[in-house]
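Single-letter residue listing:
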Amino acid sequence: MKEVAFEALKNPELYGHRPQMDKKFVEDAIGFVLKKIDENLGTFVQKFPAPASKNQVYEAIENVDWTASFWTGMVWLAYELTGDDKYKDLAKIHVQSFKKRMDEKIAVDHHDLGFLYSLSCVADYKLTGDEAAAETALNAAKQLTTRYVDKAGIIQAWGSMADPEQRGRMIIDCCMNLPLLYWASEMTGDNSYYEMAYNHVKQAEKYIVREDASTFHTYYMDTETGAPRFGKTAQGFSDESCWSRGQAWGIYGFPLSYIYTGDTELLDMTKKLANYFLNRLPEDQVSYWDLIFTSGNEERDSSAAAIAACGLLETAKHLPLTDPYRTIYENAALMMIKSLAESYTTAERPDSNGVLLHAVYSKPGKAGVDECCIWGDYFYFEALVRVLKDWKLYW
Ligand code: GLY
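Attention in this report is confined to the structure presented alongside it. (Residues numbered from 1 in each chain as written. Predicted model: local features only at pLDDT ≥ 70, side-chain atom pairs only at ≥ 80, totals over all residues. Heavy atoms only, no water.)

Observations regarding the pairing of strand 8 (residues 359-362)
Summarising the sheet, strand 8 and strand 9 (residues 367-371) pair through 3 bridges and their orientation is antiparallel. If you follow Ala359 over to strand 9, its bridge partner there is Glu371. Taken together, strand 8 and the strand that follows it, strand 9, pair antiparallel across an intervening segment of 4 residues, in which Lys366 is found at a positive phi of about 50 degrees. (Pairing = 2+ DSSP bridges. Helix = DSSP H or I, 4+ residues; strand = E, 2+ residues; numbered from the N terminus.)

See below:
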């Protein structure tokens with residue numbers, strides 16, 4: 001078994017104190033997100049924001065991409081915070097759209113069903129008890145199991161299961177799709193969902209995480225023998241570098257699997273990923289798009305900071321009071337959230353329909369570079385809600 005390093009923090013003093021961020025600061029930041037949601041309420045009803053903005057404006061597209069649920073998730077969070085039925089009514093329209101997508105199998109041959117159905121239908125079930133929404137989410141979980149490769153113990157991310165380019169390829173992002181499977185096991189009593197999710201996360205822990213606690217974006221497994229093959233990037237700088245958002249997906253994804261499995265190795269691994277991430281942040285605590293960059297003019301990825309902040313706050317909840325990293329991760333998360341609120345929102349860009357500026361979808365793919373990304377908006381809002389209240393997860 002490969003030993004994964006636990007880097008000591010290069011600047012522990014930095015995270016030794018809480019940033020100045022009182023309740024009013026958080027309420028004001030949330031007020032801004034609610035204002036942006038309200039401005040978009042009439043635009044994104046039957047259609048959804050594109051994954052990334054163009055010139056800071058999201059186009060409205062059909063419910064076909066992996067990102068549609070982030071807008072729905074924001075609307076559910078707005079409903080949960082305010083109790084205002086205008087949000088619930090819109091989210092319910094979305095839930096019907098997600099039902100149609102699943103019933104008609106529209107763009108569901110990929111692993112992102114967890115993102116799509118946790119934040120739409122599972123959230124609906126958890127908040128309103130809607131059994132029909134739960135049934136749709138269970139159908140999505142069933143669909144997700146068709147991506148499972150038994151021999152390799154992983155969920156294949158992309159493409160046809162027969163495509164040699166994609167066969168046996170798992171990606172770090174998938175850790176966020178696993179809660180749908182754990183939830184389906186709890187709902188149905190069928191343990192096979194749990195086993196697939198748990199097998200996958202353990203394979204990700206074993207192969208996607210490198211010895212220095214950085215992560216590959218994607219990793220190929222041999223589907224005939226189950227043997228590991230090689231890591232490769234898709235959205236990072238290089239196969240050897242560490243894509244910031246991938247590391248952030250791990251920092252949030254591993255503790256989510258811990259919640260359902262109780263496997264403390266997953267929490268230990270999260271700490272290793274977290275320290276690697278924190279040690280490569282620039283002064284304002286918002287990472288460059290790849291952690292190979294720690295200074296200079298490369299673009300930031302504000303969405304990675306928002307995701308990491310949620311992951312650090314979730315991780316901190318599960319660490320014992322005797323673990324100094326509990327407070328360190330809380331402080332680090334609060335610093336990231338504060339930095340995003342002060343310097344990364346569209347407050348000075350009223351022409352934008354997004355919330356967070358300066359995200360990167362795919363630099364190698366030349367897509368959404370230095371734009372708003374809808375998941376960045378969602379995780380920023382989730383992070384703020386986590387700071388304001390004892391938030392019960394949709395994941
Ligand atoms: N899960 C795809 C991405 O983070 O871009």
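There's plenty left to go through after this.
A short note on the pairing of strand 7 (residues 228-232)
Examined bridge by bridge, strand 6 (residues 218-221) and strand 7 share 4 bridges and lie antiparallel to one another. Bridging from a neighbouring strand, Tyr219 pairs with Gly231 of strand 7. Hairpin geometry of strand 6 and strand 7 is characterised by an intervening segment of 6 residues between the two adjacent antiparallel strands and by a positive phi of about 85 degrees at Gly226.

Some remarks on the environment of Val33
When you line up the elements, Val33 lands in helix 1 (residues 23-40). Apart from residues lying up to four places away in sequence, Val33 is in contact with Met74, Val355, Tyr380, Phe381 and Leu384. (Contact = heavy atoms within 4.5 Å.)

Here we look at unusual backbone geometry
Phi angles above zero are rare outside glycine, and Gln56 is one such case at about 70 degrees. Structurally, Gln56 can be placed in the loop between strand 1 (48-49) and strand 2 (60-61). By relative accessible area, Gln56 is classed as buried at 12%. Positive phi, close to 50 degrees, is recorded for Lys366, a residue that is not glycine. Of note, Lys366 is situated in the loop between strand 8 and strand 9. Residue classification places Lys366 among the exposed residues on the basis of a relative accessible area of 74%. (Buried < 20%, exposed > 50% of the residue type's maximum accessible area, 1.4 Å probe, protein only.)

Quick notes on the site of the ligand
Lining the immediate surroundings of the ligand are Trp66, Asp173, Gln235, Trp243, Arg245, Trp249 and Tyr361. Arg245 is positioned with one of its side-chain polar atoms (N or O) 2.6 Å from an oxygen atom of the ligand. A distance of 3.0 Å is found between an oxygen atom of the ligand and a side-chain nitrogen or oxygen belonging to Trp249. For the ligand, whose unbound accessible area comes to 200 Å², protein coverage reaches 95%. Here the residues of the shell around the ligand sort into 4 nonpolar, 1 polar and 2 charged. (Near = heavy atom within 4 Å. Polar contact = N/O pair within 3.5 Å; in protein donor to acceptor, adjacent residues only side chain to side chain. Areas by Shrake-Rupley, 256 points an atom, 1.4 Å probe, with all protein chains shown as cover. Nonpolar A, V, L, I, M, F, W, Y, C, P; charged D, E, K, R; others polar.)

Some remarks on the side chain of Asp124
Within the element layout of this structure, Asp124 appears in helix 4 (residues 113-128). You can call Asp124 buried: its relative accessible area is 0%. Of the polar contacts made by the side chain of Asp124, one reaches the side chain of Thr128; its length is 2.6 Å. Not counting residues up to four positions away in its chain, the partners in contact with Asp124 are Trp76, Lys92, Val95, Gly129, Asp130 and Ala133.

Observations concerning the nonpolar core
Counting 139 residues, the largest nonpolar core has Phe379 and Trp395 as its most contacted members. The element contributing the most residues to this core is helix 11 (residues 325-343), with 11 residues. Setting aside residues up to four positions removed in sequence, Phe379 forms contacts with Phe70, Phe115, Met176, Trp249, Tyr252, Ala306, Ile307, Cys310 and Trp395. (Core = buried A, V, L, I, M, F, W, Y, C linked by side-chain atoms within 4.5 Å.)

Side note on helix 3 (residues 85-103)
For helix 3, spanning 19 residues, the distance from its first C-alpha to its last is 27 Å, which sits close to the expected 27 Å at 1.5 Å a residue. Turning to helix 3, its buried residues number three or more, namely Tyr87, Leu90, Ala91, His94, Val95, Ser97, Phe98, Arg101 and Met102. Angularly, the buried residues of helix 3 cover 165 degrees about the axis, an arc narrow enough to put them on a single face. Where helix 3 ends, the next residue or the one after it, Lys105, has phi of about 50 degrees, a positive value. (Expected span 1.5 Å × (residues − 1). Arc of directions from axis to C-beta.)

Just geometry here; none of it tells us what the structure is for.
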